[in-house]
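Residues per chain, in single letters:
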Amino acid sequence: MADPLLRRSLEHVLREHLTSLRQMAFVAGPRQVGKTTVCRALASPQAYFNWDDTDHRRAIVAGPKEIAQRLGLERLRGSPLVAVFDELHRFARWKGFLKGLFDTWGDSLRIVVTGSSRLDVYRRGGDSLMGRYMLYHMHPLSVGELCDARPADEPIGPPTSIDDARFDTLCARGGFPEPFVRDDTRFSNRWQGLRVQQLVREDVRDLTGIRELDQLELLVVLLAERSGTPLSYSNLAGEVQVSVDTLRRWISTLCTLHHGFLVRPWFKNVARSLRKEPKWYLADWSAAKDPGARAETMVAVHLKKAVQSWTDRGLGHFELSYLRDKDGREVDFIVTREKRPWFLVESKLADTTLSSHLAHFQRQTGARHALQAVLELPHVPADCFVREHPTVVPARTLFAQLP
C-alpha cells in the first residue's frame, strides 16, 4: 500500500543526479524497500523496463538498438529521456547491454538501474563499467527522512523533530514502507515471513549457486536472534551443520542481498583492541524480538544509512565500526570521516546512566563527539553535535539530524 505523502530522500538525490550528471545511476537496496516506486516515478513515458515483464525482457535481450527504437532516440529532443531498468542484474549479460546502450546513446538518454543484490561489476567479470555509473544505496525509512526527505547540504542536518506517534510506529514496524504505512501487527508478521521466504527461495536461488536452502533458511532464523551481537562463525556453522567457510560465504551472500550488514571492529589508536569478530545487524530492526537488540539494531541501521548516503553523495568517505578491547570495554559504534574517528554512539533502550566507556574510548580515539543514544527518551529540541564531551541524548533527536 503506497502512501502518496511518503517522499523518499533518494528521489531528490536521483533527480539531482539526472539533471547534472550523464553517468548511469545504479540503485541497490533490500527487497521491498521502495526502489521500484521511486525509480519508476523518474522514468520518461514508456521508458520503464522490468526484467520480470516478458515483453520488457524481450526488448532487453534484443539489445540496445531495440531499446533505442522503442524510445525513439533517433529523434531530436530538447532534453534526454530517462530510462529505468528494474532488476536488470538478473540478466546474465547486463553489463555488456548497459555498456553498449550508454556508449551509443549516452548523450540522449539518462539511465537508472535497480537491483536487490549489489550491482558490483567487478565481481562478475566481463566488460568494466568504470566511469560510466554512480552507485546509490536505498535504505529503509529513517527518522531524518520522515522529518524532511530533502537531504541537507552538510552531513549533519539542523535539529528537527518527529511526531511521537510516527516514531513509535517506526520503532515497532521497522523502516520498510509497506509495514510502516499499514501499521498492523498481523500484516507485519505475515510480511516478514513472506519476505524471508522470497529472499531464500527466490533471490538466493536465482542469483547464487546455493542449493541447501533449508539450511540457509535456518541460518536466517538464527541471525534474526543475533542482531547486534558479535558473530561466532564456528558456533553458527555447527548449528547449521555446514563448514565455517560455507557459513562465511552464506553470510556474505545475505549481506550482498541487503538482508543485513556487518560492522567490524575499529582498532587504530585503541590499546588492547579486539580485531576479529564482526557484529551482525538486520536491515529490518522490527524482526529483532529482544527490545534491547531492536533498539541497537535501529541505531545501527540509521548510522549505516547515514554513512552510505554521505559517501554516495560525495560528501566524503565515511565508515561505521564498533569498539571493544580485551578488558571488556565496548562502545557500540564509531563513525569515521576520511578514516579519522568523528563520533561515538552507545545505544541504550532506557538507561540514562552515562557509560564510562564513552569517555575512555573518546580519549583513545580522539573522536570529537561521544553520544549515548537512549531510545525511550522524549525529543529534546537541541543539536546533538554541539557538545564535545560524553552526553546522553534522545535517540530520536540524534536520528532527526541524520539523513
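Everything discussed here concerns the structure shown above.
Everything numeric in this text was worked out from a predicted model, so none of it was measured.

Enquirer: Please explain the sheet that holds strand β3 (residues 81-86) as it appears in this structure.
Expert: Strand pairing in a sheet relies on backbone hydrogen bonds, with the paired strands running either antiparallel or parallel. In space, the five strands of this open sheet follow the order β2-β3-β4-β1-β5, with parallel pairing throughout. Whereas interior strands pair on both sides, the edge strands pair on one side only; in this sheet they are β2 (48-50) and β5 (133-137). Ignoring which end each strand starts from, the neighbouring axes of this sheet average 20° apart. Note that strand β1 (residues 24-28) and strand β4 (residues 109-115) share four bridges and pair parallel. Residue pairing across strands places valine 27 opposite threonine 114, the latter belonging to β4. Relative to β2, helix α3 (residues 54-62) is tilted by about 100°, and along the sheet it contacts β2 and β3.

Enquirer: Just to check I follow, could you spell out helix α4 (residues 64-71) for this structure?
Expert: Each α-helix turn comprises 3.6 residues. Residues three or four places apart therefore point the same way. Residues of α4 that are buried: Ile67, Ala68 and Leu71. For α4, the angular spread of the buried residues around the axis is 100°, confining them to a single face. Once α4 finishes, glycine 72 follows within two positions and takes phi at roughly 65°, a positive value.

Enquirer: Explain helix α7 (residues 164-173) to me, please; I cannot follow it from the model alone.
Expert: Looking only at α7, the buried set comprises Phe167, Thr169, Leu170, Cys171 and Arg173. Summarising the contacts, the buried residues of α7 are in contact with α6 (143-147), α8 (177-182), α9 (185-207), α13 (291-312) and α15 (395-400). Structurally, the start of α7 carries an N-cap: the backbone nitrogen of alanine 165 is 3.0 Å from a side-chain oxygen of aspartate 163. Looking at the residues trailing α7, positive phi occurs at glycine 174, about 85°.

Enquirer: Could you clarify how one ought to interpret the packing of helix α10 (residues 213-224) against helix α11 (residues 233-240) in this entry?
Expert: Geometry of a packed helix pair, given as the angle between the helix axes and the separation of the axes. Where α10 contacts α11, the axes come no closer than 10 Å and their chain directions differ by 130°. Overall, the two elements α10 and α11 adopt an arrangement that is oblique. Here α10 and α11 pass one another in a crossing that is right-handed. Packed against α10, whose contacting residues are Gln215, Leu218, Leu219, Leu222 and Leu223, the element α11 presents Leu236, Glu239 and Val240 at the interface. Looking at the contact of α10 with α11 residue by residue, the class counts come to six nonpolar, one polar and one charged.

Enquirer: Got a minute to help me understand the pattern of salt bridges in this structure?
Expert: Two side chains bearing opposite charge may form a pair once their charged atoms approach each other closely. Counted under the stated rule, the structure contains 29 salt bridges. Between glutamate 145 and lysine 305 there is a salt bridge whose closest N-O contact spans 2.5 Å. Within this pair, whereas glutamate 145 is found in helix α6, its partner lysine 305 is found in helix α13, the two being separated by 160 residues in sequence.

Enquirer: In this structure, what is going on with the sheet that holds strand β6 (residues 229-230)? I would like to understand it.
Expert: Sheet architecture is open: eight strands sit in the order β6-β8-β7-β9-β10-β11-β12-β13, paired in mixed fashion. Pairing within the sheet leaves two strands with one partner each, and these edge strands are β6 and β13 (391-394). Pairing analysis gives four bridges linking strand β7 (residues 260-265) to strand β8 (residues 279-282), with the strands arranged antiparallel. Residue valine 263 lies in a different strand from β8, and its bridge partner there is lysine 279. The strands touched by helix α12 (residues 244-256) are β7 and β8; relative to β7, the strand with the most contacts, the crossing angle is about 115°.

Enquirer: In this structure, what is going on with the pairing of β4? I would like to understand it.
Expert: Put simply, side chains in a regular strand alternate between the two faces of the sheet. Across the seven residues of β4, seven count as buried, placing the element largely inside the fold. A two-sided burial pattern is seen for β4, the buried positions comprising Leu109, Ile111, Val113 and Gly115 on one face and Arg110, Val112 and Thr114 on the other. As defined by bridge partners, β3 adjoins β4 across five bridges and the pair is classed as parallel. Bridge pairing in β4 places alanine 83 opposite isoleucine 111. Handedness of the crossover joining β3 and β4 through helix α5 (residues 94-105): right-handed.

Enquirer: Please explain unusual backbone geometry as it appears in this structure.
Expert: Where the residue is not glycine, phi is negative for most of them; where a peptide bond is considered, it is trans in most cases. Look at glutamine 241: it is not a glycine, yet its phi comes out positive at around 70°. Structurally, glutamine 241 can be placed in the loop between α11 and α12. Within the chain, lysine 339 stands out as a residue other than glycine whose phi angle is a positive 70°. Relative to the elements of secondary structure, lysine 339 occurs in the loop between β10 (330-337) and β11 (340-348).

Enquirer: Could you clarify how one ought to interpret the state of the cysteines in this entry?
Expert: What makes a disulfide is a covalent bond joining the sulfur atoms belonging to two cysteines. Tallied over the full model, the rule gives zero disulfides. Among the cysteines around cysteine 147, which has no disulfide bond, cysteine 384 carries the closest sulfur, lying 12 Å off.

Enquirer: Looking at this model, I keep getting lost on the packing of aromatic side chains. Mind explaining?
Expert: Applying the stated criterion across every chain yields a total of 15 aromatic pairs. Taking 5.4 Å as the distance between ring centres and 80° as the angle between the ring planes, the aromatic pair formed by phenylalanine 85 and phenylalanine 97 counts as edge-to-face. On the criterion of sequence distance, the pair formed by phenylalanine 85 in strand β3 and phenylalanine 97 in helix α5 is long-range, its members being 12 residues apart. Each member of the pair phenylalanine 85 and phenylalanine 97 is classed as buried. Three or more aromatic residues joined by ring pairs make a cluster, and in this case those are Phe49, Trp51, Phe85, Phe91 and Phe97. For arginine 57, the ring lying beneath its charged end belongs to tryptophan 51, and the centroid distance is 5.5 Å. In this structure, arginine 337 packs its charged tip against the face of tryptophan 342, placed 5.0 Å from the ring centre.

Enquirer: How should I be thinking about the packing of α3 against α4 in this particular structure?
Expert: Their axes nearest at 5 Å, the elements α3 and α4 cross at an angle of 125°. One way to sum up the angle between α3 and α4 is to call them oblique. Residues Asp55, Ala59, Ile60 and Ala62 of α3 form the contact with α4, whose participating residues are Glu66, Ile67 and Arg70. When its residues are assigned to classes, the contact of α3 with α4 shows four nonpolar, no polar and three charged.

The rules we used
Residues numbered from 1 in each chain as written. Predicted model: local features only at pLDDT ≥ 70, side-chain atom pairs only at ≥ 80, totals over all residues. Heavy atoms only, no water. Pairing = 2+ DSSP bridges. Helix = DSSP H or I, 4+ residues; strand = E, 2+ residues; numbered from the N terminus. Axes fitted to C-alpha atoms, helices over the stretch in contact; angles between N-to-C directions. Contact = heavy atoms within 4.5 Å. Buried < 20%, exposed > 50% of the residue type's maximum accessible area, 1.4 Å probe, protein only. Arc of directions from axis to C-beta. Polar contact = N/O pair within 3.5 Å; in protein donor to acceptor, adjacent residues only side chain to side chain. Parallel < 35°, antiparallel > 145°, perpendicular 65-115°, else oblique. Left-handed = near helix turned anticlockwise from the far one by under 90°. Nonpolar A, V, L, I, M, F, W, Y, C, P; charged D, E, K, R; others polar. Salt bridge = Lys/Arg side-chain N within 4 Å of Asp/Glu carboxyl O. Right-handed = clockwise from strand over helix to strand, strands pointing away. Disulfide = S-S within 2.5 Å. Phe/Tyr/Trp six-rings, centres within 6.5 Å; stacked < 30°, edge-to-face > 60°. Lys NZ or Arg CZ within 6 Å of the ring centre and 35° of its normal.

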